[in-house]
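Inside the fold
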2 protein chains.
Amino acid sequence: MLYIALLHYPVKNKAGEIVTTSVVNMDFHDIARAAKTYGVQAFFIVNPLEAQKKLASEILRHWQEGYGSLFNQKRKDALTLVRLQDKLCDVVEEIINETGKKPKTVATGASLAGRNLKHSELKKKLKNDKLPYLLIFGTDSGLAPEIIEEADFILEPIEGVEGYNHLAVRSAAAVILDRITRD
Amino acid sequence: MLYIALLHYPVKNKAGEIVTTSVVNMDFHDIARAAKTYGVQAFFIVNPLEAQKKLASEILRHWQEGYGSLFNQKRKDALTLVRLQDKLCDVVEEIINETGKKPKTVATGASLAGRNLKHSELKKKLKNDKLPYLLIFGTDSGLAPEIIEEADFILEPIEGVEGYNHLAVRSAAAVILDRITRD
């Protein structure tokens, strides 16, 4: 059972400072469509700011219940997977309430070297474990150190050729889901 | 040797009509970053409209030479792969001029069933053939029939769970590049 979360706080900006980022409409669509394609249970948008949550919920309402849901049923199917939360701990709590089990958390990032879980290992765990898993993605320049340190696992980065691996989070989410769920 | 092209004409809209679509800033960034990550030679944005090409070239200049190139070197590295062309035949001609060889063209799409080239087969061809390959992606609801019919190969679609496979073109491009280039 696989969940994913996209964090807007706490994340790093290009200078390495901890910031809160704004929600990006295309993140909702692209990652929700990948989540639906690869059988993810829910996609959590995590942002603690009231104004940002209001904007996010208006976008979601358009596609889940408003004109968007009539205009494009496939898009509705994907965006119905999206839920909003303030903080990562609230996401974990929601999954516990839903499944009765504490999810294993898996931090992702392009620059995470070291004690990494391989994509193939996560794939096996998803098949064999009876626990829910929560894949955590960061916006801007990636997850804050505290999120990475507290995660149960750190996923290996997607390696590019000649050391370039700066995928958009939307692309990285799709590639990781493809690698860890495909038979 | 792998090239990719994103067509804004001729493509289908949701009603199946042949249309020209507008360029989308995030397509440039996401697909260019995936192209750079996976070692693609060049990423062609194909749009016949003068106003659209003007907008596209302004975006590119910002990242290739303007302030963007100083602000974010990694983004510059990716967007330097992007080139503009009017029509698919111009792209093919440019590849012939560059390599001395006619590229094999590969159409992509979510709903292309039938005589398909598997991702694993394309991967083998890329390794063993001495020819350039050109992967063709469509915007909106996908490539027009004439583009598909004239392509040398049609790539198998990315299959989702429960028949849902409506990835964004940005996500589909990343997943396909991952599948056909990764060792």
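The structure this text deals with has already been given above.
My aim in this report is to walk through the structure given alongside it, one point at a time. For clarity, every value in this text was computed on a predicted model and none was experimentally measured.

So, about the interface of chain B and chain A. Facing the 31 residues of chain B at the interface are 31 residues of chain A. Both faces considered, chain B and chain A share a buried interface measuring about 2800 Å² in area, 57% of it formed by carbon and sulfur atoms. The tally of links between chain B and chain A comes to four salt bridges. Asp178(B) is the partner of Arg179(A) in a salt bridge, and the nearest nitrogen-oxygen pair spans 2.5 Å. Linking chain B with chain A are 14 residue pairs in polar contact (both at pLDDT 80 or more), by the criterion used here. Only helix 1 (25-37), helix 4 (73-79) and helix 8 (169-181) of chain B provide two or more residues apiece to the side of chain B that touches chain A. Split by residue class, the side of chain B that touches chain A holds 13 nonpolar, seven polar and eleven charged.

Time to look at the pairing of strand 4 (residues 42-46) of chain B. All names here are of chain B. Burial analysis of strand 4 places five of its five residues in the buried class, which makes it a mostly covered element. Alternating positions in strand 4 separate into two faces, Ala42, Phe44 and Val46 on one and Phe43 and Ile45 on the other, with burial throughout. Across five bridges, strand 1 (residues 2-7) lies against strand 4 in parallel orientation. Bridged to Ile4 within strand 4 is Phe43. For strand 4 and strand 5 (residues 82-85), the ladder comprises four bridges, and the chain directions are parallel.

A few words on the pattern of salt bridges. Scanning all chains against the criterion turns up 20 salt bridges over all chains. In this structure, Lys53(B) and Glu50(B) form a salt bridge, with 3.1 Å as the shortest nitrogen-oxygen distance. Of this pair, Lys53(B) and Glu50(B) both sit in helix 2 (residues 50-64), three residues apart, roughly one helical turn. Taken together, the shared-partner salt bridges in this structure form one network comprising Asp27(A), Arg170(A) and Asp30(B).

Moving on, we come to the sheet that holds strand 1 (residues 2-7) of chain A. All names here are of chain A. Reading across the sheet, the six strands line up as 5-4-1-7-6-8 and stay open at both edges, with parallel pairing between neighbours. Edge positions in the sheet fall to strand 5 (82-85) and strand 8 (153-154), since each of these pairs with one other strand and no more. Along the sheet, helix 8 (residues 169-181) contacts strand 1 and strand 7 (133-138); its crossing angle with strand 7, the most-contacted strand, is approximately 155 degrees.

To continue, consider the relation of the copies chain B and chain A. Mapping chain B onto chain A leaves a residual RMSD of 0.0 Å; the transformation is a rotation of 180 degrees accompanied by 0.0 Å of translation along its axis. The transformation relating the two chain copies, once decomposed into turn and shift, fits a two-fold axis. Most of the interface of chain B is mirrored in chain A, where 100% of its interface residues again form contacts.

This part takes up the pairing of strand 1 of chain A. Residues and elements named next belong to chain A. The buried fraction of strand 1 amounts to six of the six residues, a majority that puts the element mostly inside the structure. Burial along strand 1 is two-sided: Leu2, Ile4 and Leu6 facing one way and Tyr3, Ala5 and Leu7 facing the other are all buried. Here six bridges tie strand 1 to strand 7, and the two strands are oriented parallel to one another. Paired with Ala5 across the bridge in strand 7 is Ile136.

Quick look at helix 6 (residues 119-128) of chain A now. Residue and element names in this part refer to chain A. Here helix 6 has its buried residues at His119, Leu122 and Leu126. The buried residues of helix 6 occupy an angular sector of 60 degrees when projected down its axis, which confines them to one face. Residues of helix 6 that are exposed and angled more than 90 degrees away from the buried face: Lys124, Lys127 and Asn128.

Attention shifts here to the environment of Gly16(A). Residues and elements named next belong to chain A. If you trace the backbone, Gly16 turns up in the loop between strand 2 (11-12) and strand 3 (18-19). Judged by its relative accessible area of 42%, Gly16 falls in the partly exposed class. Each C-alpha atom, one on Gly16 and one on Gly142, is 9.3 Å from the other, the two residues being 126 residues apart in sequence.

Turning our attention to the nonpolar core. Core analysis: the biggest nonpolar cluster contains 80 residues, and Leu135(A) and Leu135(B) have the highest contact counts within it. Each residue touching Leu135(A), except ones within four places of it in the same chain, is listed here: Leu2(A), Tyr3(A), Ile4(A), Ala5(A), Val106(A), Thr108(A), Leu122(A), Leu155(A), Ile176(A), Leu177(A) and Ile180(A).

Residues and elements named next belong to chain A. A cluster of nonpolar side chains, contributed by Tyr67, Leu70 and Phe71, occupies part of the molecular surface with about 390 Å² of accessible area. Relative to the assigned elements, Leu70 resides in helix 3 (residues 67-71). For Leu70, a relative accessible area of 71% puts it in the exposed group.

Right, let's talk about the packing of aromatic side chains for a bit. One pass over the structure, following the stated rule, counts six aromatic pairs over all chains. Aromatic pair Tyr133(B) and Phe153(B): ring centres 6.5 Å apart, planes at 20 degrees, arrangement stacked. Of the two residues, Tyr133(B) is situated in strand 7 (residues 133-138) and Phe153(B) in strand 8 (residues 153-154); the sequence distance between them amounts to 20 residues. Classification of Tyr133(B) by relative accessible area gives buried; the value is 1%. Above the ring of Phe71(B), the side-chain terminus of Lys14(A) is found at 4.5 Å from the ring centroid. Sitting over the ring of Trp63(B), Arg75(B) keeps its end group 5.8 Å from the ring centre.

Criteria and cut-off values
- Residues numbered from 1 in each chain as written.
- Chains lettered and ligands numbered in written order.
- Predicted model: local features only at pLDDT ≥ 70, side-chain atom pairs only at ≥ 80, totals over all residues.
- Heavy atoms only, no water.
- Contact = heavy atoms within 4.5 Å.
- Buried area = accessible area lost by both parts, 1.4 Å probe.
- Salt bridge = Lys/Arg side-chain N within 4 Å of Asp/Glu carboxyl O.
- Polar contact = N/O pair within 3.5 Å; in protein donor to acceptor, adjacent residues only side chain to side chain.
- Helix = DSSP H or I, 4+ residues; strand = E, 2+ residues; numbered from the N terminus.
- Nonpolar A, V, L, I, M, F, W, Y, C, P; charged D, E, K, R; others polar.
- Buried < 20%, exposed > 50% of the residue type's maximum accessible area, 1.4 Å probe, protein only.
- Pairing = 2+ DSSP bridges.
- Axes fitted to C-alpha atoms, helices over the stretch in contact; angles between N-to-C directions.
- Least-squares fit on C-alpha atoms with pLDDT ≥ 70 in both.
- Arc of directions from axis to C-beta.
- Core = buried A, V, L, I, M, F, W, Y, C linked by side-chain atoms within 4.5 Å.
- Patch = residues over 30% accessible without salt bridge, like charges linked within 9 Å, V, L, I, M, F, W, Y side chains within 5 Å.
- Areas by Shrake-Rupley, 256 points an atom, 1.4 Å probe, with all protein chains shown as cover.
- Phe/Tyr/Trp six-rings, centres within 6.5 Å; stacked < 30°, edge-to-face > 60°.
- Lys NZ or Arg CZ within 6 Å of the ring centre and 35° of its normal.

Any functional reading would require information beyond the geometric quantities listed.
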